[in-house]
Amino acid sequence: MSNTENIFNNAKSEIEKLWNNNSVLSNFVKFPKNLFLKNQNKNKIPATDKLFNWNSNLDTKLIELHNSISCLSPYVNWEQGYKENEVGKDFLNKYGFFELIGPSGHFKTSEMALYVNYLCKNAYYPWHNHDAEELYFIVSGKAKFESKDQNTEILSSTNTRLHKSFESHAITTDENPVLSFVIWKNKFEDVSKLTKN
Ligand SMILES: [Fe+2]
């Protein structure tokens, strides 16, 4: 097995371990069995190096999980989902995600999608929504979460937040970046779209 495959398989087993110990995640969607790594492009964006170099202010409980994800950063297909004329250049310097598990992910499955989401400090991810029901799980850092039908909350490592289908939400960071898993189930083929609120 190549070194790169080891890095991917290590991240997968850290995530599977997390699933087995976290009922919010395992009740939202079952962790797929028989996930195989497939050949996938890699794509570099500003977030790539930021995540790769992030090794301070980590939650000691999730340090192995965090490191297994940051090690993946140079080898994954980073995406941004929005164009500069929608969200501005500053946002695109601070935001990115990659589909680690899912229909178009590095580990292919049609049972769910798990995106790794990175948002730099001092960033604002504007209001958006999507058809898929979504669970956020915070790996590291901190952010303010606003949504249409829920109270505003500051979330940090191990916290979760559910967004219903088409429930608009926005995310703001201040002095900390935030690394999260964004898990989609049902209708995860549709992409996220910006909304007024
Ligand atoms: Fe979302």
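Residues numbered from 1 in each chain as written. Predicted model: local features only at pLDDT ≥ 70, side-chain atom pairs only at ≥ 80, totals over all residues.

### So, the overall build of the protein chain
For the protein chain, the helix and strand inventory stands at six helices and 10 strands. The C-alpha atoms of the protein chain give 16 Å as radius of gyration, which agrees with the globular expectation for 197 residues (16 Å, within 12%). A burial count over the protein chain gives 35% of its 197 residues as buried. Put simply, 71% of the contacts in the protein chain that link residues at least 6 apart link residues at least 24 apart. (Helix = DSSP H or I, 4+ residues; strand = E, 2+ residues; numbered from the N terminus. Rg over C-alpha atoms; globule rule 2.2 N^0.38 Å. Buried ≥ 20, exposed ≤ 12 C-beta atoms within 10 Å, placed from the backbone. Contact = placed C-beta atoms within 7 Å.)

### Examining the nonpolar core
With 45 residues, the main nonpolar core has Leu114, Leu119, Phe137 and Val139 as its most contacted residues. Among the elements of the structure, helix 1 (3–20), helix 3 (46–52), helix 4 (63–70), strand 1 (95–102), strand 3 (113–119), strand 5 (133–147) and strand 9 (178–185) are those that each provide at least two residues to this core. Sorting elements by how many residues they give to this core places strand 5 first, with seven residues. Not counting the four nearest positions on each side in its chain, Leu114 is found in contact with Leu100, Ile101, Gly102, Phe181 and Ile183. (Core = buried A, V, L, I, M, F, W, Y, C linked by C-beta atoms within 7 Å.)

### Topic: the environment of Ile138
Along the chain, Ile138 turns up in strand 5. Residue Ile138 is classed as buried on the basis of its C-beta count, with 22 C-beta atoms lying within 10 Å. With 54 residues separating them along the chain, Ile138 and Ser192 place their C-alpha atoms 19 Å apart. The contacts of Ile138, once residues within four sequence positions are left out, are Leu155, Ser156, Ser157, Thr158, Asn159, Val178 and Ser180.

### Here's the deal with helix 4
At 3.6 residues per turn, the α-helix brings residues three or four places apart onto the same side. Within helix 4 the residues assigned to the buried category are Leu65, His66, Ser68, Ile69 and Ser70. On its buried face, helix 4 sits against helix 1, helix 3, strand 3, strand 5 and strand 9.

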